[in-house]
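Overview (structure and organization)
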Amino acid sequence: MSKKETRWSRRNFLKTTGVASLGSIISPMAGLARTAEKASVVPTRPFGKTGANVSILSLGGMFNIASNQLLMKQAMDWGVTYWDTADCYQRGSEKGIGKFFSRQPDAREKLFLVSKSDARDPDGMTQLLNRSLDRMKTDYIDLYFVHAVSNIDELDSRTKAWAEEAKAAGKIRFFGFSTHRNMEECLLEAARLGWIDGIMMTYNYRLMHSADMRRAVDACVKAGIGLTAMKTMGGGQVRTHSETELKLAGRFLKKGFTDAQAKLKAVWQNPQISSICSQMPNMTILMSNVAAALDKTQLSAGDIELLQQYAEETRSAYCTGCTDICESCVEGEASIGDVMRYLMYCNSYDDYKLAADSFNKIPQKIRRYLTDLDYSEAERKCPQGLPIAKLMQEAKKKLET
Ligand code: SF4
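The notes below deal with the structure included here. This is a predicted model, so every value here is computed, not measured.

1. Structural notes on the overall build of the chain
Looking only at helices and strands, one finds 19 helices and 10 strands in the chain. Out of the 401 residues in the chain, the part that is buried amounts to 57%. Counted over contacts in the chain with a minimum sequence separation of 6, partners at least 24 positions apart contribute 76%. Accessible area of the chain: about 17,700 Å², with a carbon and sulfur share of 49%.

2. Examining helix H19 (residues 388-399)
Its 12 residues give H19 an end-to-end C-alpha distance of 16 Å, which sits within 8% of 16 Å, the value for a rise of 1.5 Å per residue. Within the span of H19, buried status applies to Ile-388, Leu-391, Met-392, Ala-395, Lys-396 and Leu-399. Summarising the axial view, the buried residues of H19 lie within an arc of 135°, below the 170-degree limit, and thus occupy one face. The exposed residues of H19 that point more than 90 degrees off its buried face are Lys-390 and Lys-397. The inward-facing, buried residues of H19 abut helix H14 (323-326), helix H15 (336-347), helix H16 (352-359), helix H17 (364-369) and helix H18 (376-381).

3. Some remarks on the packing of aromatic side chains
Inspection of every chain in the model, using the stated rule, returns 12 aromatic pairs. Where Phe-112 meets Phe-174, the ring centres are 6.4 Å apart and the plane angle is 25°; that geometry is what we call stacked. Of the two residues, Phe-112 is situated in strand E5 (residues 112-117) and Phe-174 in strand E7 (residues 172-179); the sequence distance between them amounts to 62 residues. We note that Phe-112, like Phe-174, is buried. Sitting above the plane of the Tyr-140 ring, Arg-108 keeps its charged end 3.9 Å from the centroid.

4. Digging into the sheet that holds strand E6 (residues 141-146)
A barrel is described by the order of its strands in space; here 8 strands give the closed sequence E3-E4-E5-E6-E7-E8-E9-E10, paired in parallel fashion. Direction aside, the axes of adjacent strands within the sheet are offset by 30° on average. In the sheet, strand E8 (residues 198-202) pairs with strand E9 (residues 226-230) via 5 bridges, with the strands oriented parallel. Across the sheet, Gly-198 pairs through a bridge with Gly-226, a residue of E9.

5. Let's talk about the side chain of His-180
By the element assignment, His-180 lies in the loop between E7 and helix H8 (183-193). Beyond its immediate chain neighbours, meaning those up to four positions away, His-180 contacts His-147, Ala-148, Val-149, Thr-202, Met-230, Lys-231, Gly-321 and Arg-341.

6. Observations concerning helix H12 (residues 283-294)
Look at H12: 16 Å from first C-alpha to last across 12 residues, which is about the 16 Å you get at 1.5 Å a residue. For H12, the buried fraction is high: 10 of the 12 residues fall into the buried class. Its side-chain oxygen at 3.1 Å from the backbone nitrogen of Thr-284, Asn-282 defines the N-terminal cap of H12.

7. Digging into the pattern of salt bridges
Evaluated as defined, the whole model comprises 27 salt bridges. Among the salt bridges present, the one from Asp-84 reaches Lys-116, with a minimum N-O distance of 2.7 Å. Linking Asp-84 in strand E4 (residues 82-84) with Lys-116 in strand E5, this pair joins segments that are 32 residues apart in sequence. For the pair Asp-84 and Lys-116, one class covers both residues: buried. For Arg-173, the salt bridge is made with Asp-142, and the minimal N-O distance between the two is 2.7 Å. In this pair, Arg-173 is assigned in strand E7 and Asp-142 in strand E6, connecting sequence segments 31 residues apart.

8. Examining the pairing of strand E3 (residues 57-60)
Burial along E3 is two-sided: the face carrying Leu-57 and Leu-59 and the face carrying Ser-58 and Gly-60 are both buried. With 4 bridges connecting them, E3 and strand E10 (residues 275-279) associate as parallel partners. Looking at E10, one finds that Ser-58 is bridged to Cys-277. For E3 and E4, the ladder comprises 2 bridges, and the chain directions are parallel. What sits directly across from Ser-58, in E4, is Tyr-82. Once the chain exits E3 it traverses helix H4 (residues 68-77) before rejoining the sheet at E4, and the crossover so formed is right-handed.

About the thresholds
- Residues numbered from 1 in each chain as written.
- Predicted model: local features only at pLDDT ≥ 70, side-chain atom pairs only at ≥ 80, totals over all residues.
- Heavy atoms only, no water.
- Helix = DSSP H or I, 4+ residues; strand = E, 2+ residues; numbered from the N terminus.
- Buried < 20%, exposed > 50% of the residue type's maximum accessible area, 1.4 Å probe, protein only.
- Contact = heavy atoms within 4.5 Å.
- Areas by Shrake-Rupley, 256 points an atom, 1.4 Å probe, with all protein chains shown as cover.
- Expected span 1.5 Å × (residues − 1).
- Arc of directions from axis to C-beta.
- Phe/Tyr/Trp six-rings, centres within 6.5 Å; stacked < 30°, edge-to-face > 60°.
- Lys NZ or Arg CZ within 6 Å of the ring centre and 35° of its normal.
- Pairing = 2+ DSSP bridges.
- Axes fitted to C-alpha atoms, helices over the stretch in contact; angles between N-to-C directions.
- Polar contact = N/O pair within 3.5 Å; in protein donor to acceptor, adjacent residues only side chain to side chain.
- Salt bridge = Lys/Arg side-chain N within 4 Å of Asp/Glu carboxyl O.
- Right-handed = clockwise from strand over helix to strand, strands pointing away.

So, to be careful, I would describe these as geometric facts and stop short of saying anything about function.
Pasting the structure below:
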């Protein structure tokens, strides 16, 4: 592609993304911007044995914001053609996609579209699938997930029959689930089922090196299941109050990456992962992530080691979602893993609305006793050493409305 033809000439790159507001990140990204001059669109990888190729960066987030119509167009032009939403996402996310397809009818066939159902029963799933199709103004969804599975028993022979029927009716092409809790077990069990096409799971530089996660990912790849990583930031921004944190940020800045870009690269360096789903609510984050996807520089062994050192030093600030361990130690219902995730939305992603909306969906009878339960045994067994009782109190105080 000639320099004239490419969308990624540096001038256009800066002009399109609004350089005036980007002073703070252009400098460390200069290397990536130069790479972008040569590249055209985000690369793709095969998605399991489905036969589909998906962009290695997937557009996640809330789409029903007026300015996001422009963002969706730009994402598509840059090759971010795998889009992720869910029936339950607030602010009418699916309606934003529907609006986009109404204005750009040719766009649908260029995209790999995911949506999700909170329901588990066949009737509920049918109702939600039809609502998603209606909201997004499309006849089909490429990959349909059961949302937030924490135990594979949530999927049974009725689920399998439902998926086959929806495929036969042309309403979905592929079927699977997303998981934020007990991911390793869910992946291993899914590989044994034989009818799961794709999974989106929490996966990042903190989790990807454990023996359990490696085994689970290997099993899925062997079974031909396409894998999408989410929550790849592993809890948010690097804070700068330890030697390793300072070293980490300084090291990547010298190489031309931000720490966030390095965390994406760490995941992409595993070819078993087809794509990373990233919430990209504005053009700055989209540009930064696209630049990282286009750049071919690999993280060195030293970079990965430092990331692991940082993960170890900050382990007590990150919940790994192993709720089988802690929730069974508490007498009474306690959605510890979910509450930890909502706190992360608030404290690390600065998305108070999402955090509060999610927290207040927990049934009131569970919320009422959340801070009265005895978490001492759960804290003793928590592999991350999290102060669970204190965090439950923090969540209730900050997020309950
Ligand atoms: S609180 Fe601890 S035991 Fe519970 S899910 Fe999080 S890391 Fe695992």
